[in-house]
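Topology and contacts: notes
Residues per chain are reported as follows:
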Amino acid sequence: MAAFSRLYCTLGFQTELKMRKPVVLITGANGEIGHGLIKSIAAKNDLSIITLDLDPLDDELKPQVRDAVTANIIDRNSLERINAKYEISEIYHLAAVLSTRAEFSPHTAHDVNVGGTINLLRIAVEQAASQGSTVKFFFPSSIAVYGLLTVEEKDRTGAINENQFCRPQTIYGCNKLYCEHLGRYYANYYRRLFAANERGKIDFRAIRFPGLISAETIPSGGTSDFGPEMIHAGARGEPYACFVRPDTTMPFTTMPDAVAAISQLMHTDAVQLSKSVYNINSFSVTAEDFANKVTTLYKNASVTFEVNEKRQTIVDSWPAKVDDSAARKDWGWSPQFDFDLAFEDYLVPEINKRYTQ
Ligand code: SER
């Protein structure tokens, strides 16, 4: 009997092994980028999607995924279960505590932003070793990795490239910068002194996103949120008190362009990539530009400026413009929407649908 059950277990396990199909793992799936990315991957790919989020996956996303796990990325047991059950070929690690929220709880932010990333990188290298093939890893970094010391320095500095001013002033920026380095380390140097060469590798790629604007979701906990918050409030006909000065300038990208960028970068042949971390930018505008646009487009909108000096210092430390020439050259980054088109062809039509449904 024992022999029979051993044989059964072995056969059952082998069948399960044969049935293990490659999957894509997306963490932080309920977040802003997750929404767009799940739809894009589900539409283009025959790979199944497994999601991980602190909260149950939004109902509208459920039909597009094979398994939606509700767990914290710092819970190693939950991650181990996913690791054991699936053959993961790509990881999109989106879960993070954003910049404003992170400043209120820096140690929790560190645990989630750094601890969660290490957990996922570890799974990636284990998967690569057991599969004997490359596991791709996407990491959304941020302009928060940059730190300009004064507004004068920000004003006189033009578009900054990936190697300049990497001295973040927020815990979120520190976490993102360190995780970029961790990704590079795991991809190129992990276990470099071990006698045997590990089978399989990870292929780590990251984009430093500017402020992201989505018609579908309203961000929470970020410092670039004054842009999207103003637009959504305007569309609802509600007054909005902007927490930064009218002349505050920073780079932005729409969510469809951000999702397209992830897909472009992840599908580019590795030999074409000169770096593992890239800037992207669609337009650099002031808070006043946003206010003018919103009050012109929505007749019930009203915007006032009630500056929160502390949050202002965070945006003042972020560049007004980034140099994204490497992304343009290496993998063909070219945003579809500039500032005007973002409103005309994307935000207004999509946001109107949302608030009239
Ligand atoms: N949008 C992010 C934030 O404001 C920065 O990457 O936290």
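Structure shown above.
Rules of the game
- Each chain has its residues counted from 1, following the order in which its sequence is written.
- Since the coordinates come from a predicted model, pLDDT governs what is reported: local features require at least 70, and pairs of side-chain atoms require 80 or more to be given and counted, while whole-chain, interface and lining totals use all residues.
- Think of the side-chain values as coming from all heavy atoms in the structure, minus any hydrogens and water.
- Two strands qualify as a pair provided DSSP detects at least 2 bridges between them.
- By the criteria applied, helices consist of DSSP H or I runs no shorter than four residues and strands consist of E runs no shorter than two, each listed in order from the N terminus.
- Helix axes are fitted only over the stretch in contact, all axes being lines through C-alpha atoms; the angle between N-to-C directions runs from 0 to 180 degrees.
- Neighbouring residues are identified by heavy atoms, a residue being near a molecule or strand if any of them is within 4 Å of it.
- Distance and chemistry together define a polar contact, namely a pair of N or O atoms within 3.5 Å, with one atom able to donate a hydrogen and the other to accept it when in protein, and with adjacent residues in sequence counting only for side-chain atoms on both sides.
- Lys, Arg, Asp and Glu make up the charged group, whereas Ala, Val, Leu, Ile, Met, Phe, Trp, Tyr, Cys and Pro make up the nonpolar group; the residues left over, Gly among them, are polar.
- Exposure classes here rest on a 1.4 Å probe applied to the protein chains alone. A residue is buried below 20% of its type maximum, exposed above 50%, and partly exposed in between.
- Note on charges: Lys and Arg go in the positive column, Asp and Glu in the negative column, and His and the chain ends are not counted at all.
- When a carboxyl oxygen of Asp or Glu is within 4 Å of a side-chain nitrogen of Lys or Arg, the pair counts as a salt bridge.
- Any two residues having at least one pair of non-hydrogen atoms within 4.5 Å are treated as being in contact.

**Some points on the sheet that holds strand β10 (residues 277-279)**
Within a sheet, adjacent strands bond to each other through the backbone by hydrogen bonds, running parallel or antiparallel. Strand order in this open sheet of seven strands is β3-β2-β1-β4-β5-β6-β10, and the pairing throughout is parallel. Two strands close off the open sheet at either side, each with one partner strand: β3 (67-70) and β10. Here the strands of the sheet are splayed against their neighbours by 20° on average, with no regard to which way each runs. Where strand β2 (residues 48-53) and β3 come together, four bridges link them in parallel fashion.

**Side note on the site of the ligand**
Contacts to the ligand come from Leu98, Ser99, Ser142, Tyr172, Gly222, Thr223, Ser224 and Trp318. For the ligand, an oxygen atom lies 3.2 Å from a polar atom in the side chain of Tyr172. In the model, an oxygen atom of the ligand is placed 2.6 Å from a nitrogen or oxygen of the Thr223 main chain. When grouped by side-chain class, the residues that make up the shell around the ligand number three nonpolar, five polar and no charged.

**Some points on the side chain of Lys154**
Here Lys154 shows up in helix α6 (residues 151-156). No salt bridge is formed by the buried Lys154, whose closest oppositely charged neighbour, Asp316, lies at an N-O distance of 4.9 Å. From its side chain, Lys154 meets the backbone oxygen of Thr249 in a polar contact 2.8 Å long. For Lys154, the side chain forms a polar contact with the main-chain oxygen of Val315, separated by 2.9 Å. Apart from residues lying up to four places away in sequence, Lys154 is in contact with Leu148, Thr249, Val315, Asp316, Trp318, Pro319 and Ala320.

**Observations regarding unusual backbone geometry**
Even without a glycine there, the phi angle at Phe165 is positive, about 50°. Turning to its location among the elements, Phe165 is positioned in the loop between α6 and α7 (171-188). If you check the backbone angles, Arg191 has positive phi at about 60° while not being a glycine. Among the structural elements, Arg191 can be located in the loop between α7 and β6 (202-209). By relative accessible area, Arg191 is classed as partly exposed at 34%.

**Observations regarding the side chain of Ser224**
When you line up the elements, Ser224 lands in the loop between β7 (211-213) and α8 (226-235). Overall, Ser224 belongs to the buried group, its relative accessible area being 13%. In this view, Ser224 contacts Gly211, Met250, Phe252 and Trp318; residues no more than four positions away in its chain are not counted.

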